[in-house]
Amino acid sequence: MNTKLFETIETLENEILKDLGDITSIPAISPLSGGHGEYKKAQIIIKRMKELGFDEPEIYNSPDETADNGIRPNLIYKIKGKSDQKLWLISHIDVVPIGDIELWDTDPFKAEIKDGKIYGRGVNDNGQEMLASIYASYALMKCGITPEYEVNLCFVSDEEVGSKHGIQYLLSQKLFNKNDLVIVPDGGTPKGNFIEIAEKSIFWIEFELKGKQVHASMPQCGINSCRYANEFSSSLDKALHDAFPDENKIYIPPYSTFEPTKRNANVNNVNTVPGKEVFCFDCRVLPNIKTEEIEKVINAEIKKIERKTGIEITYKYLQKETASKETEIDSPVVNILKKAVEQIIGEKITIGGVGGGTCAAYFRNDEIPAVVWAQEADVAHEPNEYAEIKHIINETKVFSLIMTNKEI
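As the structure is a computational prediction, the values presented were derived from the model and not from experiment.

1. Observations regarding the environment of C359
- Note that C359 resides in the loop between β16 (350-354) and α9 (360-365).
- In sequence terms C359 and V297 are 62 residues apart; their C-alpha atoms lie 29 Å from each other.
- Those residues in contact with C359, other than ones at most four positions away along the chain, are V156, E159, S163, I167 and V184.

Put into structure tokens, the structure is as follows:
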């Protein structure tokens with residue numbers, strides 16, 4: 001291992017944290033989640049990368065009239081290596097909304113450092129990995145080291161709501177090859193001892209229930225969509241779990257999950273029976289379970305509630321991603337990452353699958369092996385989201401080690 005390189009990385013801690021705080025100040029939230037997109041945050045990144053001495057990025061703007069400047073930006077920074085083989089480190093620019101502000105102890109968009117942690121929305125998901133990839137490359141530059149590979153730092157939009165304007169858009173541009181080494185540092189464990197090679201199918205399903213709105217003092221004249229949404233959500237939750245108890249130990253958790261999540265506002269006053277309810281399920285399903293099997297259970301539960309209550313229920317998919325083929329456990333990218341992590345973290349590595357939702361799945365769909373790794377606290381999407389400073393430094397060392405030594 002390169003002692004000088006690692007010592008250089010440790011001296012850069014304050015710069016890393018300052019830059020992470022700066023990008024955290026921009027709420028890069030998808031228009032689908034009530035935000036304005038990633039344009040402003042991308043400009044901050046471009047400005048800072050220029051100050052650090054990186055070449056101008058290749059910019060791939062996906063058109064989106066609902067976002068700032070009508071675009072969703074994707075940035076690629078290339079660093080020439082000793083060979084033409086490409087190493088990709090892919091992190092995402094966007095973040096999720098803050099949720100209930102009352103649950104935050106700090107300002108979500110004003111990073112705060114305390115007790116060895118940095119707090120703010122997006123510092124964990126996915127800011128710490130973005131900065132780790134940037135400063136791993138920067139440390140090489142400061143030490144005068146040429147990487148073994150052509151290093152491609154890729155910062156994408158739209159990861160949190162389906163990646164249509166992010167990695168899916170880039171894949172449509174034919175920028176990647178099957179022999180590329182693709183690492184997506186966007187999910188891991190506090191010990192850093194887990195490498196992800198597979199993801200479950202993802203189904204985000206929105207249900208709409210139509211009843212009849214009436215005065216709450218005369219409920220017999222209406223059809224209470226709130227009551228029947230509660231009943232349907234509960235019965236569907238049980239039916240799906242009962243129908244698909246299968247387990248596969250490679251995944252965490254090893255079973256399919258069917259979670260009722262988002263629920264839209266209905267009426268604004270207490271004394272009105274709502275005539276419409278809209279809510280969602282987030283389903284992460286083992287690869288052996290087919291979409292039509294899930295729909296069969298859903299449709300049966302819908303018919304049961306409709307016959308009983310007179311409510312009308314329809315549904316649509318907000319996201320529908322069938323599980324991709326697993327990355328082979330002995331593929332080059334797995335071996336290279338595993339050896340680097342073991343050297344830096346000093347933990348025995350577990351290799352397996354997760355519920356899904358990273359950019360890696362889209363590469364696997366294109367038959368490009370991809371892996372996911374990070375050393376991070378399990379606080380993504382939570383209030384008081386934070387990143388541990390020691391994790392950021394370790395990640396930076398892991399990425400620098402991969403860049404500098406093909407054999408490790």
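2. Focus on the sheet that holds strand β5 (residues 117-119)
- Here we have three strands laid out as an open sheet, ordered β4-β5-β18, and antiparallel in their pairing. Edge strands, defined here as strands with exactly one partner in the open sheet, are β4 (112-114) and β18 (386-388). Recorded for the sheet is a direction-independent mean angle of 25° between the axes of neighbouring strands.
- Looking at chain direction, β5 and β18 are connected through three bridges and run antiparallel. Bridge assignment links I118 to a residue of β18, and that residue is A387.
- Strand contacts of helix α10 (residues 389-404): β4, β5 and β18, with the helix running at about 60° to β18, the strand carrying the most contacts.

3. Let's talk about the pattern of salt bridges
- Within the structure shown, the criterion is met by 26 salt bridges.
- As a salt-bridge pair, K238 and D242 come within 2.7 Å of each other at their nearest N and O atoms. A residue pair is termed a helical-turn pair when its members lie 3 or 4 positions apart in one helix, as K238 and D242 do in helix α6 (residues 225-243) at four residues.
- What makes K238 exposed here is its relative accessible area of 54%.
- A salt bridge links E277 to R263; its shortest N-O distance comes to 3.1 Å. Here R263 lies in strand β12 (residues 257-263) and E277 lies in strand β14 (residues 276-285), a separation of 14 residues in the sequence.
- What emerges from the salt-bridge pattern is a single network uniting E15, D19, K47, R48 and E51.

4. Points about the sheet that holds strand β15 (residues 312-321)
- The four strands lie next to each other as β12-β14-β9-β15, forming an open sheet whose pairing is antiparallel. Looking at the sheet topology across the chains shown, the edges are occupied by β12 and β15. Averaged over all pairs of adjacent strands, the angle between strand axes in this sheet comes to 25°, irrespective of strand direction.
- Bridge count between β12 and β14: five bridges; the pairing is antiparallel. Within β14, the residue paired with F258 across the bridge is C283.
- α6 contacts β9 (201-210), β12, β14 and β15 of the sheet and is inclined by roughly 15° relative to β14.

5. A word on the packing of helix α4 (residues 123-143) against α10
- Following both chains from N to C, one finds α4 and α10 inclined at 50°, their axes separated by 8 Å at the closest point. As summarised for this structure, α4 and α10 are arranged oblique, according to the angle between their axes. Of the two elements, α4 crosses α10, and the hand of that crossing is right-handed. Across the interface between the two elements, Q128, E129, A132, S133, Y135, A136, S137 and L140 from α4 touch H391, I392, E395, T396, F399, S400, M403 and T404 from α10.
- In terms of residue class, the contact of α4 with α10 is built from seven nonpolar, seven polar and two charged.

6. As for α4
- A large share of α4 lies buried, amounting to 19 of its 21 residues.
- G144, located one to two residues past α4, shows a positive phi value of around 70°.

7. A look at the state of the cysteines
- Inspection of the entire model under this criterion finds zero disulfides.
- In this model C283 remains outside any disulfide bridge; the closest cysteine sulfur is found in C280, 10 Å from its own.

8. Focus on unusual backbone geometry
- Going from D125 to N126, the amide bond is cis rather than trans, its omega being 25°.
- Checked against the element boundaries, N126 lands in helix α4.
- In this model, I252 is joined to P253 through a cis peptide bond whose omega is -10°.
- Mapping P253 onto the fold places it in the loop between β11 (251-252) and β12.
- For K174, which is not a glycine, the phi torsion comes out positive at approximately 60°.
- Mapped onto the fold, K174 is located in the loop between α5 (167-172) and β7 (181-184).

Basis of the calculations
Residues numbered from 1 in each chain as written. Predicted model: local features only at pLDDT ≥ 70, side-chain atom pairs only at ≥ 80, totals over all residues. Heavy atoms only, no water. Helix = DSSP H or I, 4+ residues; strand = E, 2+ residues; numbered from the N terminus. Contact = heavy atoms within 4.5 Å. Pairing = 2+ DSSP bridges. Axes fitted to C-alpha atoms, helices over the stretch in contact; angles between N-to-C directions. Salt bridge = Lys/Arg side-chain N within 4 Å of Asp/Glu carboxyl O. Buried < 20%, exposed > 50% of the residue type's maximum accessible area, 1.4 Å probe, protein only. Parallel < 35°, antiparallel > 145°, perpendicular 65-115°, else oblique. Left-handed = near helix turned anticlockwise from the far one by under 90°. Nonpolar A, V, L, I, M, F, W, Y, C, P; charged D, E, K, R; others polar. Disulfide = S-S within 2.5 Å.

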